[in-house]
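Letter by letter, the chains look like this.
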Amino acid sequence: MNKTSFYLKYFLASTVIYVATFLFIDHLFYKSNLEYTIAKQHQKLNLKTAYISNFFEPILKDIELLANQTTLQRYLNYSDNKLDLINDYNLFAEVNKSYNQIRVIDENGLESIRINYSQDSVEVVSDAFLQEKKDRDYFLEASTYNKNEIYVSRIELNKEFGAIEIPYRPVLRVSKPLFNKSNDRKGIIITNYDAGIFLEKFAEYHKEEEDFFFLNKDGYFISAPKEYPLWGFMISKIGDKNFNFYFPNVWSQIKSKKNGSFLSNQGLFVFENFGFSDFNLLSIDTKSIITQNRWIMSTWIPQERLDHLLYSYRKNLYLVFFLLLFSTFIGLYFLAKNRLDLITKDQQLTSINKKLKTNQKELVNKNKELEQFVYITSHDLQEPLRTISSYTQILKEDYENKLDKDGKRFLEYLFNSSERLMDLIKGILDYTRIEKLDKKELIKTNLLIEEILQDLQHSIDRTNAEIHVSILPNIIGFPTLIRLLFQNLISNAIKFHRNGVPPKILISGIEFSDSKEFCITDNGIGIKTKHHKKIFNMFQRLHSQKDYEGSGIGLSLCKKIVDLHSGKISIEPNEEIGSTFKISLPD
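Residue indices follow the written sequence of each chain, beginning from 1 at its first position. Only residues with pLDDT of at least 70 are given local features in this predicted model, and only at 80 or more are side-chain atom pairs given and counted; all residues enter the totals for whole chains, interfaces and linings. For side-chain calculations, the full set of non-hydrogen atoms in the structure is used, while hydrogens and water are omitted.

Draft legend 1. Representation of the overall build of the protein within the structure. What counts as a helix is a DSSP run of H or I of at least four residues, what counts as a strand is a run of E of at least two, and both are numbered from the N terminus. Assigned secondary structure in the protein consists of 14 helices and 22 strands. In the protein, which comprises 587 residues, the proportion classed as buried is 40%. By the convention used here, residues are in contact when the closest approach between their heavy atoms is within 4.5 Å. Across the protein, every contact between residues at least 6 apart in sequence was considered, and the portion connecting residues at least 24 apart equals 63%. Roughly 34,800 Å² of accessible area belongs to the protein as shown, and the carbon and sulfur atoms make up 55% of that amount. Each residue gets one of three labels from its accessible area relative to the maximum for its type: buried under 20%, exposed over 50%, partly exposed in between, using a 1.4 Å probe on protein chains only. In these tables, accessible area is a Shrake-Rupley quantity obtained with a 1.4 Å probe, and a residue counts as shielded only by the protein chains included in the view.

Quick look at the structure:
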């Protein structure tokens, strides 16, 4: 082979390698830029979600304030201070100018008080112009709620006398049911918040590099660039021109997912699907908010703009590519040297792995020896303990009447201590045996709970316990261990009840795509947050044996069982009343 053909062959081979390298790096840069762009869009959506959460909190606090006013309570009970109540609402409307209306609607659906705020003035609507609202959804919904529940409407256009008000006035209605001191329903109190203030903030987002959409749960536009029609769910002439109309492939992907991104031939869409349960409200319990509201926020970078963002690096990449051609030749020497070092390190790693496997076998053998030692020791301890317990029982039955008060007390201490030690040894044996697993099987959880409740029927009857079991997902697991897990948790929920208060226990479950989650909630004595971690330790007790009997092993057994199923067990923070144990088991 002559020199020319040699170098030509080498050049062609090198060119193939360099082109492949260029394409690979180009793909990495594209992927990295895409991930960065998606992360940046998610960050923007998170900021918008935080803004929405901060927007809603004072509105919810205001309805609580208005519903609990002393003048309103007097009006509900005696109806003799309507003017005082109107004056209070006048003052509130003047200070809080973002409310279009404040109304009290009686139990028959008729407005009894209505304050309007528009054009920088407050108007008290006279009785002749008060309207009947008994057929409006906000009245029908809120009239059925409990005292502590709050109804939140969707963001929609205001209607007066059944017609959409012109010019359009976006509103958000928040209402609460009203009760007098006899606990009779007296209607609702409702505020109309000027949602235009809220939506003006979103209008600023349309000036950014990406388009921004704020949608209701059905995909209709509440805020969007000007070429997209708003309020299609209320304005019949718009028809079905919602997000699905313009982006059908994208809508099918995002409508049922909590968040994510979607790349289509139209560009990049990044979205968040959220509702009140996702808000972090400091002063309002989101569980008290009753609403069907869920919203979707999405950003859209059209394909042309996306290409500009993602391929802006290519000029620099070409420069790097040509530098790579030059540096590769120099790097061959160092590559060979590094390869030799890698071979040496690989040999060292192989040796280390062999030692690690040997140590692992030794550790398994030590664990088996330790388990056998604990079993034998515990078993041998039971025999003398049975003898002590038996002879103590004989002494108690035959000689108790011959002993003085101290003797009887000492004999009782001896008997109780031997019984507790027997329970403790049994618990240790159970803990060591828990590794000896059966074959995993399909467990019908509701049937298992029913059998456990039958076993615990004596405790249930003795404490007048009330236990509710919802429909539970089935489990793939070790039947004996799962039974022991639920039996321990239910037994604890019965045992640790408050004096004079019958236990109330709820067993519920939910199935996720990759796991099953179970909750056991009770109304018992509760567990302080500072104890939530240590209660799963061996022999850990928070109460004296005199108050609540037990060995202190039960919850450590539960944790070990859950660990063997690669799951998680925790306790929900609740220091006021009761506890909720949450178990998550993977599919």
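Draft legend 2. Local environment of the packing of aromatic side chains. Only Phe, Tyr and Trp rings are paired, with Trp represented by its six-membered ring, and only when their centres lie within 6.5 Å; those with planes under 30 degrees apart are stacked, over 60 edge-to-face, the remainder tilted. For the coordinates displayed, the defined rule picks out 29 aromatic pairs. Between Y145 and Y151, the aromatic rings sit 6.3 Å apart at their centres with planes inclined by 45 degrees, giving tilted as the arrangement. Look at Y246 and F247: their rings are 6.5 Å apart centre to centre, the planes differ by 45 degrees, and that puts the pair in the tilted class. Linked through ring pairs, F213, F221, Y228, F243, F245, Y246, F247, W251, F269 and W300 together constitute an aromatic cluster.

Draft legend 3. Structural detail: the sheet that holds strand β17 (residues 466-469). DSSP bridges decide pairing: two strands pair if at least two such bridges lie between them. Here five strands make up an open sheet; going across it, the order is β17-β19-β20-β22-β21 and the pairing mixed. The sheet is open, and its two edges are formed by β17 and β21 (568-571), each paired on a single side. With strand direction ignored, the average angle separating the axes of adjacent strands in the sheet is 10 degrees. Relative to strand β19 (residues 504-511), β17 runs parallel, the two sharing four bridges. The residue of β19 that forms the bridge with E466 is K504. Angles shown run from 0 to 180 degrees and are taken between the N-to-C directions of axes, each axis being a line fitted to C-alpha atoms and, for helices, limited to the stretch in contact. Against the sheet, helix α11 (residues 445-455) engages β17, β19 and β20 (515-522), with an angle of about 165 degrees to β17. Along the sheet, helix α14 (residues 554-564) makes contact with β21 and β22 (580-586), crossing β21 at roughly 145 degrees.

Draft legend 4. Layout of helix α2 (residues 70-78). Among all positions of α2, only T71, L72, Y75 and L76 are buried. Within α2, the buried residues cover an arc of 140 degrees as seen down the axis, which keeps them to one side. At the exit of α2 stands S79, carrying a positive phi of roughly 60 degrees. Each direction from the helix axis to a C-beta atom contributes to the arc, which is the arc of those directions.

Draft legend 5. Main features of the side chain of T37. Inspection of the secondary structure puts T37 in helix α1 (residues 3-67). Leave out the neighbours within four places in its chain, and T37 touches L268, I301 and L310.

Draft legend 6. Inspection of the sheet that holds strand β10 (residues 211-216) at higher detail. Taken together, five strands build an open sheet; the order of strands is β11-β10-β15-β13-β12 and the sheet is antiparallel. The open sheet has two edge strands, β11 (221-223) and β12 (259-264), and neither has a second partner. Each strand of the sheet is rotated relative to its neighbour by a mean of 30 degrees, with strand direction disregarded. Two strands pair when backbone bridges link them, and strand β13 (residues 267-275) and strand β15 (residues 294-302) are joined in this way by nine bridges, in the antiparallel orientation. Across the sheet, E272 pairs through a bridge with M297, a residue of β15.

Draft legend 7. Inspection of the pairing of strand β3 (residues 121-124) at higher detail. Across four bridges, the pairing between strand β2 (residues 111-118) and β3 is antiparallel. Looking at β3, one finds that N116 is bridged to E123. Connecting β2 to the next strand, β3, in antiparallel fashion are two residues, including Q119 with a positive phi near 50 degrees.

Draft legend 8. Geometry of the confidence of the model for the protein. Across the chain, each position has a pLDDT score giving the predictor's confidence in that residue, from 0 to 100. With 79% of its residues at a pLDDT of at least 70, the protein reaches an overall mean of 80. Here helix α10 (residues 405-433) stands out as the element of the protein with the lowest mean pLDDT, 64, in contrast to helix α6 (residues 243-246), whose mean of 94 is the highest. Low pLDDT (under 50) marks residues 543-548, which in the prediction has 10 contacts with non-local residues, meaning those over four places away or in another chain.

Draft legend 9. Structural context of the pattern of salt bridges. The term salt bridge refers to a side-chain nitrogen of Lys or Arg lying within 4 Å of a carboxyl oxygen of Asp or Glu. Scanning the model with the defined rule gives 20 salt bridges in all. With its nearest N and O atoms 2.8 Å apart, the salt bridge here joins R114 to E160. With R114 in strand β2 and E160 in strand β6 (residues 159-160), this residue pair connects regions lying 46 residues apart in the sequence. For R114, a relative accessible area of 5% translates into the label buried. Among the salt bridges present, the one from D218 reaches K217, with a minimum N-O distance of 4.0 Å. Given the relative accessible area of 44%, K217 is considered partly exposed. When salt bridges that share partners are traced, they join R103, E111, R114 and E160 into one network.

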